[in-house]
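# Structural overview for review
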Amino acid sequence: MLEAQNWRGDATLIMHYEDIRKLPDYCAADFLHTLFHDALQHLENGTNDKQEFLLILSELTDRQAMTYELLEKELRDNIDQVLRKLWNTDSYDEVDIMLSLVVNLGLKGCFSQVQNSLHQDNKIDPAIRSEIEETIAEVGEHIANPLHSLERYR
């Protein structure tokens, strides 16, 4: 099992969703940074496929939210760029995961692409279209700051 105290950020280790899922709910931001970076590397080198990558990112994003910190801009931009390349409206499950990632990480470029996809593809499944429209309505103009709703508690 992958444990926070034993992870060395060694990109030669295979990153599995089941291992990431077993991490504690709270992990240090710098540790998560390493895992996000490694997840990107594993997708790029083909160790993990798109589905595994999205599931891993979903788990890491849940833990990132628990830090109450924004992910470092450069890393966030890298994830944004990768997700823009992976975005498609063919699978409800993928769209659901990706919308969660876009919103919770504050991925402006991908959010813009999500918005544009509604106008570019008239054949989007109604359930997928509805999910996208609801997400856009909920986020509004606050996509760059996923912590916006928490700021009132300061």
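Residues numbered from 1 in each chain as written. Predicted model: local features only at pLDDT ≥ 70, side-chain atom pairs only at ≥ 80, totals over all residues. Heavy atoms only, no water.

### A word on the overall build of the protein chain
Counting secondary structure elements, the protein chain contains seven helices and zero strands. Split into buried and exposed, the 154 residues of the protein chain put 40% on the buried side. (Helix = DSSP H or I, 4+ residues; strand = E, 2+ residues; numbered from the N terminus. Buried < 20%, exposed > 50% of the residue type's maximum accessible area, 1.4 Å probe, protein only.)

### So, the pattern of salt bridges
Applying the stated rule across the entire model yields five salt bridges. Between Asp 77 and Lys 73 there is a salt bridge, with its nearest N and O atoms 2.7 Å apart. With a gap of four residues between them, Asp 77 and Lys 73 both fall in helix α4 (residues 73-86), about one helical turn apart. A residue is classified by how much of its surface remains accessible, and Lys 73, at 51% relative accessible area, is exposed. The closest approach of N and O atoms between Arg 84 and Asp 80, which form a salt bridge, is 3.7 Å. (Salt bridge = Lys/Arg side-chain N within 4 Å of Asp/Glu carboxyl O.)

### Describing helix α3 (residues 50-65)
The end-to-end C-alpha distance of α3, which contains 16 residues, comes to 22 Å, matching closely the 22 Å that a straight helix rising 1.5 Å per residue would cover. When α3 is considered as a whole, its buried residues turn out to be Phe 53, Leu 54, Ile 56, Leu 57, Ser 58, Glu 59, Leu 60, Thr 61, Arg 63 and Gln 64. Of the surrounding secondary structure, the elements contacted by the buried residues of α3 are α1 (17-21), α2 (29-44), α4 and α5 (92-105). Structurally, the start of α3 carries an N-cap: the backbone nitrogen of Gln 51 is 3.3 Å from a side-chain oxygen of Asp 49. (Expected span 1.5 Å × (residues − 1). Contact = heavy atoms within 4.5 Å. Polar contact = N/O pair within 3.5 Å; in protein donor to acceptor, adjacent residues only side chain to side chain.)

### Details of the confidence of the model for the protein chain
In this model, the protein chain carries a mean pLDDT of 87, and residues with pLDDT of at least 70 account for 83%. Confidence, expressed as mean pLDDT per element, reaches its minimum in the protein chain at helix α6 (residues 108-120) with 93 and its maximum at α4 with 97. Confidence drops under pLDDT 50 across residues 1-12; counting only partners more than four residues distant or on other chains, this segment forms 21 contacts. Low pLDDT, under 50, characterises residues 150-154; the predicted model gives this stretch two contacts beyond four residues in sequence or across chains. (pLDDT = per-residue confidence, 0-100.)

### Observations concerning the side chain of Thr 89
Residue position: Thr 89 is located in the loop between α4 and α5. In contact with Thr 89, not counting residues within four places along its chain, are Val 95, Ser 117, Asp 121, Ile 124, Ile 128 and Ile 132.

### Quick notes on the packing of α3 against α5
Viewed as axis vectors pointing N to C, α3 and α5 meet at an angle of 35°, and their least axial separation amounts to 10 Å. Note that α3 runs across α5; the crossing there is left-handed. Together, Lys 50, Gln 51, Leu 54, Leu 55, Leu 57, Ser 58, Thr 61 and Gln 64 of α3 and Glu 94, Ile 97, Met 98, Leu 101, Asn 104 and Leu 105 of α5 make up the contact between the two elements. Residue classes in the contact of α3 with α5 are distributed as seven nonpolar, five polar and two charged. (Axes fitted to C-alpha atoms, helices over the stretch in contact; angles between N-to-C directions. Left-handed = near helix turned anticlockwise from the far one by under 90°. Nonpolar A, V, L, I, M, F, W, Y, C, P; charged D, E, K, R; others polar.)

### Quick notes on the packing of α2 against α3
For the pair α2 and α3, interaxial distance at closest approach is 10 Å and the crossing angle is 170°. Between α2 and α3, the interaxial angle falls into the category roughly antiparallel. In this structure, α2 uses Leu 32, Leu 35, Phe 36, Ala 39, Leu 40 and Leu 43 to contact α3, whose residues at the interface are Lys 50, Phe 53, Ile 56, Leu 57, Leu 60, Thr 61, Arg 63 and Gln 64. Here the residues of the contact of α2 with α3 sort into ten nonpolar, two polar and two charged. (Parallel < 35°, antiparallel > 145°, perpendicular 65-115°, else oblique.)

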